[in-house]
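Coordinate inspection notes
What follows is the residue order along each chain.
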Amino acid sequence: MKGEIKPDHIGVNKYTLLVAGLVELTCTEISGLEDELNTVELPDRTVASGGNRAASEFTIKIPLHHGVEQAAMELWFRESQDPVSPTYKKPVTLTHESGSGANDRSFTLVGVFPMKRKLPDLEMKNEGEMAEVEWTLSVDDIFPL
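Structural notes, computed from the coordinates. (Residues numbered from 1 in each chain as written. Predicted model: local features only at pLDDT ≥ 70, side-chain atom pairs only at ≥ 80, totals over all residues. Heavy atoms only, no water.)

1. Comments concerning the nonpolar core
The tendency in soluble globular proteins is for nonpolar side chains to be buried side by side. In this structure, Ile 60, Met 73 and Trp 76 are the most contacted members of the largest nonpolar core, which totals 23 residues. Elements supplying a minimum of two residues to this core: strand E1 (10-19), strand E5 (56-63), helix H1 (67-79), strand E6 (90-98), strand E7 (105-118) and strand E8 (132-139). When residues no more than four places from it in sequence are discounted, the contact partners of Trp 76 are Val 19, Leu 22, Tyr 88, Lys 90, Val 112, Phe 113, Pro 114 and Leu 137. (Core = buried A, V, L, I, M, F, W, Y, C linked by side-chain atoms within 4.5 Å. Buried < 20%, exposed > 50% of the residue type's maximum accessible area, 1.4 Å probe, protein only. Helix = DSSP H or I, 4+ residues; strand = E, 2+ residues; numbered from the N terminus. Contact = heavy atoms within 4.5 Å.)

This is how it looks when you write it as structure tokens:
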């Protein structure tokens with residue numbers, strides 16, 4: 001592959017996730033985002049586009065000891081519960097950063113809200129790995145910038 005890949009690649013370890021109205025989150029991990037068309041199966045067993053894109057979801061992990069960030073996520077999670085706030089769906093910007101910053105790629109995620117919180121597994125025999133909270137976020141739409 002040497003010579004085939006252009007310089008200044010985008011690594012999977014340099015990214016930012018900015019949620020409108022929230023503090024900057026330190027996401028140690030962000031799962032891949034899938035953007036999928038709704039499809040219908042026709043009587044002849046072929047598939048056709050339904051015309052719309054399906055809602056998506058992805059997960060993020062934030063260190064448990066980042067208290068301000070966890071508090072912001074908890075408030076957003078509460079905002080998404082009964083009585084649901086009219087502002088519970090927020091716009092989010094996901095930026096994949098290149099080495100120089102000249103080839104960054106960004107995506108606007110529309111209609112995002114937290115739909116699940118998963119606390120870390122605990123065990124005394126563990127050597128003390130960092131505890132992280134996993135949040136599952138729902139996304140209505142994804143637009144490349």
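And the narrative resumes.
2. What to know about the pattern of salt bridges
Summed over all chains, the structure comprises six salt bridges. With its nearest N and O atoms 3.1 Å apart, the salt bridge here joins Arg 53 to Asp 35. With a gap of 18 residues between them, Arg 53 in strand E4 (residues 47-53) and Asp 35 in the loop between strand E2 (29-30) and strand E3 (37-41) connect regions that are remote in the sequence. According to the relative accessible area criterion, Arg 53 is partly exposed, its value standing at 34%. (Salt bridge = Lys/Arg side-chain N within 4 Å of Asp/Glu carboxyl O.)

3. Concerning a negative patch on the surface
Among the surface-exposed residues, Asp 121, Glu 123, Glu 127 and Glu 129 lie close enough to one another that they form a single negatively charged patch. Of note, Glu 129 is situated in the loop between E7 and E8. (Patch = residues over 30% accessible without salt bridge, like charges linked within 9 Å, V, L, I, M, F, W, Y side chains within 5 Å. Areas by Shrake-Rupley, 256 points an atom, 1.4 Å probe, with all protein chains shown as cover. Lys, Arg positive; Asp, Glu negative; His and termini not counted. Charge placed at Lys NZ, Arg CZ, Asp CG, Glu CD.)

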